[in-house]
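Residues per chain are reported as follows:
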Amino acid sequence: MKTANHQIADLLSTRKEEKRKSFAVLLDPDKINISTFPKFLEYAVGHGVDFFFVGGSLITNYAIDQLIAAIHEHTNIPAILFPGSSLHIEPTADAILLLSLISGRNAELLIGQHVIAAPLLKRSGIEVLPTGYLLIESGKLTTVSYISNTIPLPRDKPGIVACTALAGEYLGLKNIFLDAGSGAQFPVTAETIAAVRATVDTPIIVGGGIDSYEKADNALQAGADVIVVGNGIEANPELLPEIAACVKAFNGKLESV
């Protein structure tokens with residue numbers, strides 16, 4: 001499915017206003033077995049996954065196009081690029097999280113890669129989702145921190161994170177992504193998510209270290225609009241239905257009010 005411009009942005013905004021939560025699965029091309037991928041997609045559809053984020057900080061096996069083709073063939077779930085660089089742009093995707101790493105001071109990831117990507121995105125017609133990307137300290141060095149050459153924001157300083165997110169919103173970014181990183185030891189704290197929720201009006205995406213129903217529920221209760229799970233599902237396939245059940249239960253409470 002190729003979506004019209006602003007369709008996914010409007011969906012994120014509408015769900016945020018309705019306080020309805022979404023579940024995104026992050027697909028790392030280096031960790032997907034393309035031969036068994038259709039079966040996984042069927043599994044994801046059956047449990048109500050809302051979005052697929054495709055990409056990662058470091059990709060050694062470029063299979064993004066194959067993953068997106070399979071997603072479109074077997075599901076109606078939007079395939080949204082989660083790029084580590086301008087090399088990871090695939091025009092067949094439904095949208096791209098155009099990430100500006102506002103938690104760091106690496107100019108390449110604040111604007112440099114975006115300049116290179118801009119004409120490619122213009123020609124592709126892909127829906128662009130301008131997103132302020134904030135790395136939060138997670139108890140260990142993560143791939144994204146190493147590759148981006150930036151220091152994560154302190155996990156015990158919600159005020160710093162909230163002010164950084166607000167600066168991103170004032171700069172015109174339409175989404176805020178709080179990420180503890182792949183393989184995080186600790187997820188983004190509920191206090192940090194709540195501080196950001198109280199400060200910005202944009203949809204908030206939260207990922208990294210969400211490996212249980214309890215952690216997912218904590219993030220949702222604190223104000224996350226979209227929760228993202230990647231490595232946890234790779235290590236424990238039963239986590240997908242567990243997180244899906246958490247999101248469904250949260251939304252079910254809204255419907256019963």
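First, a word on scope: everything that follows refers to the structure included in this document. Please read all numbers here as calculations on a predicted model, not as lab measurements. Every chain is numbered on its own, with residues counted from 1 as its sequence reads. Only residues with pLDDT of at least 70 are given local features in this predicted model, and only at 80 or more are side-chain atom pairs given and counted; all residues enter the totals for whole chains, interfaces and linings. As a rule here, side-chain values come from all non-hydrogen atoms in the structure, and water together with hydrogens is ignored.

1. So, the sheet that holds strand S1 (residues 22-27)
Stated formally: Any two strands are treated as partners once DSSP identifies two or more bridges connecting them. Here a strand is any run of E in DSSP of at least two residues, a helix any run of H or I of at least four, and the numbering for each starts at the N terminus. Between the N-to-C directions of two axes lies an angle of 0 to 180 degrees, each axis being a line fitted to C-alpha atoms and, for a helix, fitted only over the stretch in contact.
With parallel pairing, 8 strands are arranged side by side around a closed barrel as S1-S2-S3-S4-S5-S6-S7-S8. Taking the axes of each pair of neighbouring strands and ignoring which way they run, one obtains an average angle of 30° across the sheet.

2. Considerations on the side chain of Thr202
Worth spelling out the cut-off: Here a residue-residue contact requires only that any non-hydrogen atoms of the pair lie within 4.5 Å.
Position of Thr202 among the secondary structure elements: in the loop between helix H7 (190-197) and strand S7 (204-207). Not counting residues up to four positions away in its chain, the partners in contact with Thr202 are Lys16, Glu169, Leu173, Lys174, Asn175, Ile176, Arg197 and Asp225.

3. Details of empty space enclosed by the protein
Put simply, the rule is: Computed over the protein atoms alone on a 1 Å grid, cavities are sets of points where a 1.4 Å probe fits but cannot get out and pockets are open sets with protein on both sides within 12 Å along at least five of seven lines; a residue lines them when it has an atom within 4 Å of a point. Grid points are joined across faces, edges and corners, and a volume is the space filled by probe spheres set on the points. Each residue is assigned to one of three groups, with Ala, Val, Leu, Ile, Met, Phe, Trp, Tyr, Cys and Pro labelled nonpolar, Asp, Glu, Lys and Arg labelled charged, and all others, Gly among them, labelled polar.
Considering all chains together, one arrives at 1 cavity of 30 Å³ or more under this definition. Size it by volume and the largest cavity reaches roughly 40 Å³. Together, Leu135, Ile136, Glu137, Ser138, Lys140, Thr142, Val144, Ser145, Pro152 and Ala180 line the largest cavity. Residues belonging to the lining of the largest cavity are distributed by class as follows: 5 nonpolar, 3 polar and 2 charged.

4. A few points about the pattern of salt bridges
Where we set the bar: Basic side-chain nitrogens of Lys or Arg form a salt bridge, by our definition, when they fall within 4 Å of a carboxyl oxygen of Asp or Glu. Three exposure classes are used, based on accessible area relative to the maximum for each residue type with a 1.4 Å probe and protein chains only: buried under 20%, partly exposed in between, and exposed over 50%.
The final tally for this structure, using the stated rule, is 4 salt bridges. Here Glu17 ties to Lys16 by a salt bridge, and the two come within 3.4 Å at their closest N and O atoms. Accessibility expressed as a relative area gives 16% for Lys16, which makes it buried.

5. What to know about the packing of aromatic side chains
The test is simple: Only Phe, Tyr and Trp rings are paired, with Trp represented by its six-membered ring, and only when their centres lie within 6.5 Å; those with planes under 30 degrees apart are stacked, over 60 edge-to-face, the remainder tilted.
Tallied over the entire structure, the rule returns 5 aromatic pairs. A centroid spacing of 6.4 Å and a plane angle of 50° characterise the contact between Phe53 and Phe177, whose relative ring orientation is tilted. Separated by 124 residues along the polypeptide, Phe53 in strand S2 (residues 51-55) and Phe177 in strand S6 (residues 175-179) bring together distant segments of the chain. Here Phe53 and Phe177 have matching classes, each one buried. For the pair Phe82 and Phe177, a centre-to-centre distance of 5.6 Å together with 40° between the ring planes defines the contact as tilted. Taken together, the residues span a long stretch of sequence, with Phe82 in strand S3 (residues 79-82) and Phe177 in strand S6 at a distance of 95 residues. On the basis of relative accessible area, Phe82 is assigned to the buried category, the value being 7%. By relative accessible area, which is 2% here, Phe177 ends up buried. Aromatic ring contacts, followed pair by pair, group Phe53, Phe82, Tyr133 and Phe177 into a single cluster.

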